[in-house]
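# Fold and contact review
Below, each chain spelled out in residue letters.
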Amino acid sequence: MPAPRLKVVVTRHLPEAVETRMSELFDVQLNDEDRKMSRDDLVAAMKSADVLVPCVTDQIDAGMLGQAGERLKLIANYGAGVDHIDVATARQRGVLVTNTPGVMTDDTADMTMAMILGVLRRVPEGQAVMQTGTWQGWAPTAFMGGRIAGKRLGILGMGRIGQAVARRAAAFGMQVHYHNRRRVHADIEAALGATYWESLDQMLARMDVISVNCPHTPSTFHLINARRLKLMKPSAVIVNTSRGEVIDENALTRMLRAGDIAGAGLDVFERGHDVNPRLRELDNVILLPHMGSATLEGRIEMGEKVLINIKTFADGHRPPDLVLPSMH
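Residues numbered from 1 in each chain as written. Predicted model: local features only at pLDDT ≥ 70, side-chain atom pairs only at ≥ 80, totals over all residues. Heavy atoms only, no water.

Let's shift gears to unusual backbone geometry. Excluding glycine, a negative phi dihedral is what most residues carry, and trans is how most peptide bonds are arranged. In this structure, Phe143 takes a positive phi of about 55° despite not being glycine. Structurally, Phe143 can be placed in the loop between helix H6 (123-132) and strand E6 (152-156). Take Phe143: its relative accessible area is 36%, and that puts it in the partly exposed class. The phi angle at His222 is positive, at roughly 50°, despite the residue not being glycine. With respect to the element layout, His222 can be found in the loop between strand E9 (209-212) and helix H10 (226-231). (Helix = DSSP H or I, 4+ residues; strand = E, 2+ residues; numbered from the N terminus. Buried < 20%, exposed > 50% of the residue type's maximum accessible area, 1.4 Å probe, protein only.)

What follows is the structure, given as C-alpha cells:
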C-alpha cells in the first residue's frame, strides 16, 4: 500500500499552477475565496494538517503553536520573511519551518528603483494632475524633480536585495553607500562600487536617498526612529520595500508633513494594511500595497520552493530552505 498523502492546508489563494501541482502531490485544503484566516481558523488548520502553508499576513505565535496538537510537523512559509512565525517555539515543539529565500530579490529591487525614480521625479504628482484634468500645459518650472545620476544612495541592509538595488542604482549613475550589521566581502564591495559606513547615523546624515532593505528583527524594530530621521537632509528621500516596522511611521509622517524630509516611497507599513491616514494626504509620498515581490514569475517560483520543501520533507529528508532559530 502506498503511504498516505500528507494533509496540507494553504492559508491564502496561490497562483493556479502552484495549487494544481500541490493538489496532485498532496491532500490539500485550499483557500479559494482568498479570505484571510482568523486566529481560530489558523489553530484549527494546524490541528488538522501535517503541513501548514502560511504567508506574511498570518501571525503564528507561541500560544497558537501550543494548541496545534501533535499532527503538525512542517510550516512551509510562502515567502522569505518569517518574523510572523515564532520559529523557536515551533522547533521546540518539533515543527520544522521553511521559507522561500532568493526568489523575490530582483522583483523587490526593481520596485525599489521604481519608487526611487517615482519619488525623485514626482511621478505621482504628474499622474494626479493628468487624471484630474487640471494640467495647463508644459511650463519651464513645473514638476521639477531631482536628477538620479550623482545622487548618493544609502542602502540599509546589504543582503541579496540590497546588493541587487546597488547594481541597479549604479547603472543609473548613483553613488552607492551602505550600512550593514557586518561589512560585506571586499570583492562584493568592489564589484558594486559600494562604500561601507560603520555608523548608520553618519550615513543617514550624508545621503540623498535611503533605501531600507533589512529584515524586521527585534534589533531592527524602529531602527529608523525619530532621532535618526532628524539626521537626514531636508532634501533627502527614504524608500522602504522591506518591513514597515523598521521605520517609526508616525515620526516619518510628522517630518514629511513638516517638510523636514523631501519625500518617501513606502511599500510596507508598520501596522500591516492599517496605514497612517495622514500619509495618504501627502503628495510627496508614494504608497503601494506591498507589491514589491508581486510578479507572476516570482509568485510561481515561491510556490515551487514551497512544493520542494514539502516534497523533500515528505520523502524523509531535510528541506532545503529550513529556517533555524539562530538565523532569525
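Further notes follow.
Attention now goes to the packing of aromatic side chains. Counted according to the given criterion, the structure contains 1 aromatic pair. Their ring planes at 45° and their centres at 5.1 Å tell us that Tyr178 and Tyr196 sit as a pair that is tilted. Taken together, the residues span a long stretch of sequence, with Tyr178 in strand E7 (residues 175-179) and Tyr196 in strand E8 (residues 194-196) at a distance of 18 residues. Residue classification places Tyr178 among the buried positions, given a relative accessible area of 0%. (Phe/Tyr/Trp six-rings, centres within 6.5 Å; stacked < 30°, edge-to-face > 60°.)

A few words now on the nonpolar core. Within the largest apolar cluster, 29 residues are counted, with the highest numbers of intra-cluster contacts made by Ile210, Ile224, Leu229, Met232, Ile238, Leu252 and Leu256. Among the secondary structure elements, those contributing two or more residues to this core are helix H9 (200-206), E9, helix H11 (249-258) and strand E11 (263-266). Tallying contributions element by element places H11 first for this core, with 4 residues. Apart from residues no more than four positions distant in its own chain, Met232 is found in contact with Leu204, Ile210, Val237, Ile238 and Ile261. Core analysis: the next-biggest nonpolar cluster, separate from the first, contains 26 residues, Ala166, Ala169, Tyr178 and Val237 among them. (Core = buried A, V, L, I, M, F, W, Y, C linked by side-chain atoms within 4.5 Å. Contact = heavy atoms within 4.5 Å.)

Moving on to the sheet that holds E6. With parallel pairing, the 7 strands of this open sheet are ordered in space as E8-E7-E6-E9-E10-E11-E12. Both edges of this open sheet fall to E8 and strand E12 (285-287), since each of them pairs with a single strand only. The mean angle between the axes of side-by-side strands here comes to 20°, regardless of whether they run parallel or antiparallel. Bridge count between strand E10 (residues 237-240) and E11: 4 bridges; the pairing is parallel. Its bridge partner lying in E11, Ile238 is registered against Ala264. Running at roughly 170° to E6, helix H7 (residues 160-171) makes contact with E6, E7 and E9 of the sheet. (Pairing = 2+ DSSP bridges. Axes fitted to C-alpha atoms, helices over the stretch in contact; angles between N-to-C directions.)

Next up on the list: the packing of helix H1 (residues 16-25) against helix H13 (residues 296-314). In a packed pair of helices, the relevant descriptors are the angle between the two axes and the axis-to-axis distance. H13 packs onto H1 with a crossing angle of 15° between their chain directions and a minimal axis gap of 9 Å. Classed by the angle they form, the pair H1 and H13 counts as roughly parallel. As H1 packs across H13, the resulting crossing turns out to be right-handed. Residues Val18, Arg21, Met22 and Leu25 of H1 touch H13, and the partners they reach there are Arg299, Ile300, Gly303, Val306, Leu307, Ile310 and Lys311. A class-by-class count of the residues in the contact of H1 with H13 yields 7 nonpolar, 1 polar and 3 charged. (Parallel < 35°, antiparallel > 145°, perpendicular 65-115°, else oblique. Left-handed = near helix turned anticlockwise from the far one by under 90°. Nonpolar A, V, L, I, M, F, W, Y, C, P; charged D, E, K, R; others polar.)

Moving on, we come to the side chain of His177. Among the secondary structure elements, His177 is positioned in strand E7. For His177, the side chain forms a polar contact with the side chain of Trp197, separated by 2.9 Å. (Polar contact = N/O pair within 3.5 Å; in protein donor to acceptor, adjacent residues only side chain to side chain.)

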